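Architecture and fold: a report
Each chain, written out:
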Number of protein chains: 2
Amino acid sequence: MKHYIGIDLGGTNIKGALVNENGEIIKQNTCPTYAEQGVEAVTENIANMIRNLAEGVTIDGVGMGCPGTVDDKAGTVVYACNIGWVDYDVRTALKELTGYDVCLVNDANAAALAEVVVGAVKGAESAVVVTLGTGVGGGVVIDGKLLTGYTGAASELGHMVIIADGEECACGRRGCFEAYASATALIRMTHEAMEKHPESAMHQIAAELGGVDGRTTFTAQQMGDAVGDEVVKTYVHYLSIGIANIVNIFFPEVIALSGGVANQGENLLVPLRAEVQQQEYGAAYTAKHPRIVCCTLGNTAGMIGAAMFAKE
Amino acid sequence: MKHYIGIDLGGTNIKGALVNENGEIIKQNTCPTYAEQGVEAVTENIANMIRNLAEGVTIDGVGMGCPGTVDDKAGTVVYACNIGWVDYDVRTALKELTGYDVCLVNDANAAALAEVVVGAVKGAESAVVVTLGTGVGGGVVIDGKLLTGYTGAASELGHMVIIADGEECACGRRGCFEAYASATALIRMTHEAMEKHPESAMHQIAAELGGVDGRTTFTAQQMGDAVGDEVVKTYVHYLSIGIANIVNIFFPEVIALSGGVANQGENLLVPLRAEVQQQEYGAAYTAKHPRIVCCTLGNTAGMIGAAMFAKE
């Protein structure tokens, strides 16, 4: 049995796992990132974690998932704003500290690969994982291989415009999928609806739960609140447009959702599937439709995926 | 040297070529499709062409590009509206008539593959070909392999929505890229601008050339007509949104344009490149940008690509 180390470098924590060739976690470890202590300190922490996980085991590969844009060919993190790394040759640094050549992958892509190897999408010929969190992230796996692109960036599905000249997006474009389908966008829509509708149950829900979040409008909908129902429908409409775009571009076997909004499960998936299928190109002439499901690995996906990327 | 046969099945003509392993055409042939004579007659014509091209040569594979949705695993044309084929097992029929197992591929995808093997995009690690004709077609090649999808459909890049709830599209969705970036869309925008602006030079150009087509507004722009200039800018803006979406999704080495509108060459490409680069995710942090070029193979792309698909 071969063994790999997968590191998930986040803004808050560095998580690492020893993973076997089947994608099963043998042991795992976490430490704070302390990005403010600088690049060398963070790299030293990563190196310590790798050495610790490797103790007494023959390691067949090490992979690291990083936020932002990585260039695995060059071995560099091109740009990761939330840890302040720009064009950093982390592979050379980690090679000197640990002796291992570390493969680099975008963290959302790593998570997608993990879902295909051991998670919700296990065994799928092709799958697209869409993360509905603060932003909208994406990972595409075709025939077991990650789509990473030529230019060093990953599949940035959240930065596909669905409304030309629409809402401003943090990336500088206007009308991105992320600006309509992220948890952040859902919270914006919830606030807008609450301002217009003082009678909505969402005011009471927010007051009881200490503020508005991505669940507020779903809770209101389930309580029979008409305004909450309207916000959910609007959100699902925009989400369906982006997901149907992804279907028409990739025609994957499965689309798997993760991130906070995906915790709504079938409350979200049932209306979403109905709207997406209406928009599938040629849907009337085929019995093969992409399945739409939720991811299952949660926080372990990044580590497992980084390890599986090293195996690849 | 190995040899392949590539068939390009169109609504008007069936084109076929004997192609060597380098993608060079050795001989070629054309006959009318006569789709109205029925499926058997068309299949018989295809079989005759294959036999004719194979005469005296050892054939290492036969591929056929078809309009619409094909299922190469099943060997069927799922749906090709302009020749009236629905769920037709053409592989079995051609096997009986010729003895060859024919590989099936969508025609736009075949053309994209050809551009990568011998055309504008030769040797590219990854490329997306976008056809700006009556509709907007797409073909995606990653590491020399076509993206064909799980559900039997091809990469329908034209049916990605760029304006939610926008212009009606023939596919049934609203606001598709095709509804803003096809030659048909450009002609619609040209007519709309001419109605509003009787002073535009486009009226005279259309009168002299027997009507409005995809060139009218470009010609007017080059003559200094302000309305023509405005229409071109609007068209390029929408085109840039769809192309930038494709960049952010695939991050390919090259995007190559074909179809009637692409004949504008640098008149189109210069403003397009400028607008797309502004919209590339993380463009400020990398020197690697996808090149945007025009295709070079023209009408032979479909045959060459079908042959290369059989080789693959």
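In this report, the structure presented in the accompanying data block is examined. Every chain is numbered on its own, with residues counted from 1 as its sequence reads. Labels are handed out in written order, letters beginning with A for the chains and numbers beginning with 1 for the ligands. Only residues with pLDDT of at least 70 get local features here, since the model is predicted, and only at 80 or more are side-chain atom pairs given and counted; chain-wide, interface and lining totals rely on the full set of residues. Where side-chain values are given, they derive from all heavy atoms of the structure, hydrogens and water being excluded.

Turning next to the packing of helix H3 (residues 107-117) of chain A against helix H10 (residues 301-311) of chain A. Residues and elements named next belong to chain A. Following both chains from N to C, one finds H3 and H10 inclined at 85°, their axes separated by 7 Å at the closest point. Taken together, the axis directions place H3 and H10 in an arrangement best described as roughly perpendicular. Together, Ala110, Ala111, Leu113, Ala114, Glu115 and Val117 of H3 and Ala301, Gly302, Ile304, Gly305, Ala306, Met308 and Phe309 of H10 make up the contact between the two elements. Throughout this entry, Asp, Glu, Lys and Arg are counted as charged residues, while Ala, Val, Leu, Ile, Met, Phe, Trp, Tyr, Cys and Pro are counted as nonpolar. The remaining residues, Gly among them, count as polar. Across the contact of H3 with H10, the residue classes break down as ten nonpolar, two polar and one charged. Each axis is a line fitted through C-alpha atoms, taken for helices only over the stretch in contact, and angles between the N-to-C directions span 0 to 180 degrees. Numbering of helices and strands starts at the N terminus; helices are DSSP runs of H or I of at least 4 residues and strands are runs of E of at least 2. In this scheme, roughly parallel covers angles under 35 degrees and roughly antiparallel covers those over 145, while 65 to 115 is roughly perpendicular and the rest are oblique. Contacts: residue pairs with any heavy atoms within 4.5 Å of one another.

The next point concerns the relation of the copies chain A and chain B. The copies were overlaid by least squares, fitting only the C-alpha atoms of residues that reach a pLDDT of 70 or more in each copy. Superposing chain A onto chain B takes a rotation of 180° combined with a translation of 0.0 Å along the rotation axis, leaving an RMSD of 0.0 Å. What the superposition gives is, in effect, a two-fold axis relating one chain to the other. Of the residues that chain A buries at the interface, 100% are likewise interface residues in chain B, meaning the two copies contact each other through the same surface.

Residue and element names in this part refer to chain A. DSSP-based pairing: two strands are paired if at least 2 bridges between them are found. Taken in spatial order, the five strands of this open sheet run E3-E2-E1-E4-E8, and their pairing is mixed. Each of the sheet's edge strands pairs with one partner strand only, and the pair in question is strand E3 (25-32) and strand E8 (102-106). Between one strand and the next, the sheet's axes are offset by a mean angle of 20°, whatever the strand orientation. Judged from the five bridges that link them, strand E4 (residues 62-66) and E8 form a sheet pairing that is parallel. If you follow methionine 64 over to E8, its bridge partner there is leucine 104.

So, about the packing of aromatic side chains. Each aromatic pair joins two rings of Phe, Tyr and Trp (for Trp, the six-membered one) with centres within 6.5 Å, and gets the label stacked for planes under 30 degrees apart, edge-to-face for over 60, and tilted for any other angle. Under the counting rule described, the total for this entry stands at five aromatic pairs over all chains. Arranged with centres 4.9 Å apart and planes meeting at 50°, the rings of tyrosine 180 of chain A and tyrosine 238 of chain A form a pair that is tilted. Residue tyrosine 180 of chain A is found in helix H4 (residues 178-181), and its partner tyrosine 238 of chain A is found in helix H8 (residues 226-250); the two are separated by 58 residues along the sequence. Given a relative accessible area of 6%, tyrosine 180 of chain A falls into the buried group. For a Lys NZ or an Arg CZ to count as sitting over a ring, it must be within 6 Å of the ring centre and within 35 degrees of the ring normal. Of note, arginine 188 of chain A hangs over the ring of tyrosine 180 of chain A, and the distance from its end group to the ring centre comes to 5.9 Å. Positioned over the ring face of tyrosine 150 of chain B is lysine 288 of chain A, at 5.0 Å from the centre of the ring. When a residue's accessible area, from a 1.4 Å probe over protein chains only, is under 20% of the maximum for its type it is buried; when over 50% it is exposed; and in between it is partly exposed.

Right, let's talk about the interface of chain A and chain B for a bit. Contacts between the two partners involve 46 residues from chain A and, on the opposite side, 46 residues from chain B. Salt bridges are counted wherever a side-chain nitrogen of Lys or Arg sits within 4 Å of a carboxyl oxygen of Asp or Glu. Linking chain A with chain B are six salt bridges, by the criterion used here. Here aspartate 143 of chain B ties to lysine 145 of chain A by a salt bridge, and the two come within 3.5 Å at their closest N and O atoms. Polar contact criterion, stated in full: a pair of N or O atoms within 3.5 Å, where within protein one must be able to donate a hydrogen and the other to accept it, and residues adjacent in sequence count only if both atoms are side-chain atoms. Counting across the chain A and chain B interface gives 24 residue pairs in polar contact (both at pLDDT 80 or more). Mapped onto the side of chain A that touches chain B, the elements with two or more residues apiece are strand E6 (76-80) and H8 of chain A. At nine residues, H8 of chain A tops the list of elements feeding residues into the side of chain A that touches chain B. Its residues assigned to classes, the side of chain A that touches chain B comprises 24 nonpolar, twelve polar and ten charged.

With that settled, the discussion passes to helix H5 (residues 183-196) of chain B. Residue and element names in this part refer to chain B. By this rule, a helix spans an expected 1.5 Å times one less than how many residues it contains. With 14 residues, H5 should cover 20 Å at 1.5 Å per step; its first-to-last C-alpha distance of 20 Å lies within 8% of that length. Listed in full, the buried residues belonging to H5 are Ala183, Ala185, Leu186, Met189, Thr190, Ala193 and Met194. Buried residues belonging to H5 abut strand E9 (126-132), helix H4 (178-181), helix H6 (202-208), helix H7 (216-222) and helix H8 (226-250).

Moving on, we come to unusual backbone geometry. Within the chain, aspartate 87 of chain A stands out as a residue other than glycine whose phi angle is a positive 50°. Mapped onto the elements, aspartate 87 of chain A comes out in strand E7 (residues 85-88). Here aspartate 143 of chain B, not a glycine, exhibits a phi torsion of approximately 50°, which is positive. As for its position among the elements, aspartate 143 of chain B is in the loop between strand E10 (136-142) and strand E11 (145-146).

This part covers the sheet that holds strand E13 (residues 291-294) of chain B. Residues and elements named next belong to chain B. Spatial ordering of the open sheet is given by E11-E10-E9-E12-E13, a layout of five strands whose pairing is mixed. Across the chains shown, the open sheet's two edge strands, defined by having one partner strand only, are E11 and E13. Of the strand pairs in this sheet, E10 and E11 are connected by two bridges, and their pairing is antiparallel. When the sheet's bridge partners are listed, valine 141 is paired in E11 with leucine 146. The sheet contacts of helix H3 (residues 107-117) involve E9, E10 and E11, and relative to E10 the element is tilted by about 50°.

All names here are of chain A. Cysteine sulfur atoms are paired as a disulfide whenever they come within 2.5 Å of each other. Scanning the entire structure with this criterion turns up zero disulfides over all chains. Free of any disulfide, cysteine 176 has its nearest neighbouring cysteine sulfur in cysteine 171, separated by 3.8 Å. Given the relative accessible area of 0%, cysteine 176 is considered buried. Between cysteine 295, a free cysteine, and cysteine 294, which holds the nearest cysteine sulfur, the sulfur-to-sulfur gap is 7.4 Å.

Honestly, it's all geometry; don't read function into it.
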